[in-house]
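Spelled out from the first residue to the last, the chains are:
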Amino acid sequence: MYELRGLNEECGLFGIWGHPEASELTYMALHSLQHRGQEGAGIVASGGDYLFGARGMGLLTEALSQTQLESLRPFSKSIGHVRYATSDSSALSNVQPFLFKSHIGDLGLAHNGNIVNALHIRRALEDQGAIFQTTSDSEVFAHLLRRAKGPTRKARIKTVLQQLKGAFAFVILHEDALTIALDDHGVRPLMLGILDGAYCVASETCAFTAIGAEYIRDIEPGELITISDDGIDFDRYTDFENPNMCSMEYIYFARADSEFRGTSTYTIRKALGEELAKEMDVKADIVIGVPDSSLAAAKGFSDESGIPGEQGLLKNRYVGRTFIASGQEARERAVRMKLSPVRDIVEGKSVIVIDDSIVRGTTSKFIVKALKKAGAKEVHMGVSSPPLKNPCYYGIDVSTHAEIIASAKSTEEVREEIGADSLTYLSVERMHEVYERYGSRGECDACFTGNYPIENTDGLLPQEKDAKTKGV
Ligand SMILES: O=P(O)(O)OC[C@H]1O[C@H](OP(=O)(O)OP(=O)(O)O)[C@H](O)[C@@H]1O
Ligand SMILES: NC(=O)CC[C@H](N)C(=O)O
Ligand code: SF4
Ligand SMILES: [Mg+2]
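Residues numbered from 1 in each chain as written. Chains lettered and ligands numbered in written order. Predicted model: local features only at pLDDT ≥ 70, side-chain atom pairs only at ≥ 80, totals over all residues. Heavy atoms only, no water.

### Looking at unusual backbone geometry
Test applied: Note on conventions: DSSP H or I runs of at least 4 residues are helices, E runs of at least 2 residues are strands, and numbering of each starts at the N terminus.
Residue Pro97 is bonded to the preceding Gln96 through a cis peptide linkage, with omega at 0°. Mapping Pro97 onto the fold places it in the loop between strand E4 (77-83) and strand E5 (98-100). For the peptide bond that leads from Pro291 to Asp292, omega is 0°, which places it in the cis range. Along the chain, Asp292 turns up in the loop between strand E17 (286-289) and helix H10 (295-305). Not every positive phi belongs to a glycine, and Asp196 is a case in point at roughly 50°. In this fold, Asp196 is placed in the loop between strand E9 (191-195) and strand E10 (198-202).

And the structure:
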């Protein structure tokens, strides 16, 4: 089973403490975070003395049965996770939340991101006798916590977090507390909310909307929050803070209605489209966006340029997951199933197509061809982000250099390959200007610029590490 998306392997987190319908709310919240991961899902809930969990493969509706959900219904504290994984690591054992048992208490663990020194830590722990159950980087947290020394659990958690490098948003459940931690670069989003007096945490605010919770604020890089029956405790595990929110969250990953510091992703994407219009000097009859994630940018482009916006491409929303093998030919077939042009809108017209990103170029190549076949006179591509050139080490499967079309090609060479009449990308400077305008304190742009904010200690891509954990 393979899903055709430009970029993969983000994950969605949720947690809630002290609500009579905790597991049902977690299920609903995960449903709204489904776009962040479709390979597996799970829930772990606290029954007071022990934790109980259920997880499965696939979309949330397939992963958890009614019987499993019923068994979690009585509990008032729970966490949940939706996961996307690359081929080999998609085993059920890697689906989160993980549930660890020990005589000092149970631990439920949900992680979004990628720990870039996990392989080093894992090797050292294995040499000391630890046996890992999964090939996931996230598991090192549990082993380190069990070994950590310190007067309180919070002190021990701090010690562990200080040893980890990379991107990590953690939602951690013990019988008596819900702990939330975000790495000191704040690469992945994490939001705090409240519902009927019960605190909750989610990767995106769309989860709060889905359950009727109030969005309190974004969790800050380096923050460590503990929620228990005694209330909420705000702390930090480090004084270091270097905000580097993933640019791709704004551009593509997050749902358009999700908010960052009170501004919706839709508004940010629209502004990216407006800025692109200032940089793209092309005359055309109409502007169309590539559904779904680029519609906001296309609206911004149309508003700024004065060129009328149309819905010239339709997306078959039921082709989310396709029964096809990976490989370029299969991808091309899947794009054909997914997108189709509206002939009488584009026929005889010169068209500007706005997409939010070009990764392998499969989508844009197909669109240019399909629009021309439908009678478009000219097809100009506008991309509301800079040329994507490098892989990501912080939890996103942007794949290898070899698969990324702009990795070794100039913009003119990419234009030629996708067959467009012109190709314009947004500049890195204007992209950052937009984020700053909406209160962002700093963004990672490494897949565009190669300036990685966190050194990749393990020196491997997340998908390469999986094999290494097995000694391959
Ligand atoms: O160059 P490619 O490798 O084809 O990838 C880029 C495309 O992938 C993403 O969309 P996706 O198909 O994931 O769907 P969405 O926009 O509906 O989320 C992105 O928005 C581009 O359209
Ligand atoms: N991309 C993610 O957030 C995945 C989380 C974790 N690294 C895993 O492999 O499951
Ligand atoms: S490298 Fe790109 S995808 Fe990865 S965290 Fe940075 S901006 Fe996001
Ligand atoms: Mg798209």
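### A closer look at the sheet that holds strand E2 (residues 40-46)
Rules: In short, DSSP must find at least two bridges between two strands for them to pair. Geometry is summarised by axes, namely lines fitted to C-alpha atoms with helices restricted to the contacting stretch, and by angles between N-to-C directions that run from 0 to 180 degrees.
Strand order in this open sheet of 7 strands is E3-E2-E4-E1-E10-E9-E11, and the pairing throughout is antiparallel. In the strand order of this sheet, the two ends are held by strand E3 (51-57) and strand E11 (214-218), each with one partner. Pairs of neighbouring strands in the sheet enclose a mean axial angle of 15°, with direction left out of account. Alignment of strand E1 (residues 11-17) against E10, held across 3 bridges, turns out to be antiparallel. Looking at the pairing, Gly15 lines up with Val201 of E10.

### Comments concerning the pattern of salt bridges
Worth spelling out the cut-off: In the sections that follow, a salt bridge refers to a side-chain nitrogen of Lys or Arg positioned within 4 Å of a carboxyl oxygen of Asp or Glu. Summary of the burial criterion: residues with accessible area below 20% of their type's maximum are buried, those above 50% are exposed, and those between are partly exposed, where the area comes from a 1.4 Å probe applied to protein chains only.
Counting across every chain of the model gives 28 salt bridges. Salt-bridge contacts for Arg73 lead to Glu24; the nearest nitrogen and oxygen are separated by 2.6 Å. Highlighted residues: Arg73 in the loop between helix H3 (66-72) and E4 and Glu24 in helix H1 (residues 22-32), separated in sequence by 49 residues. Among the residues examined, Arg73 registers a relative accessible area of 37% and is labelled partly exposed. Asp303 is the salt-bridge partner of Lys299, the closest N and O atoms lying 2.9 Å from each other. With Lys299 and Asp303 both in helix H10 and 4 residues apart, the pair spans about one turn of that helix. The class of Asp303 is partly exposed, set by a relative accessible area of 41%. Ionic contacts of the salt-bridge type, sharing partners, join the residues Glu275, Lys278, Glu279, Arg430 and Arg437 into one network.

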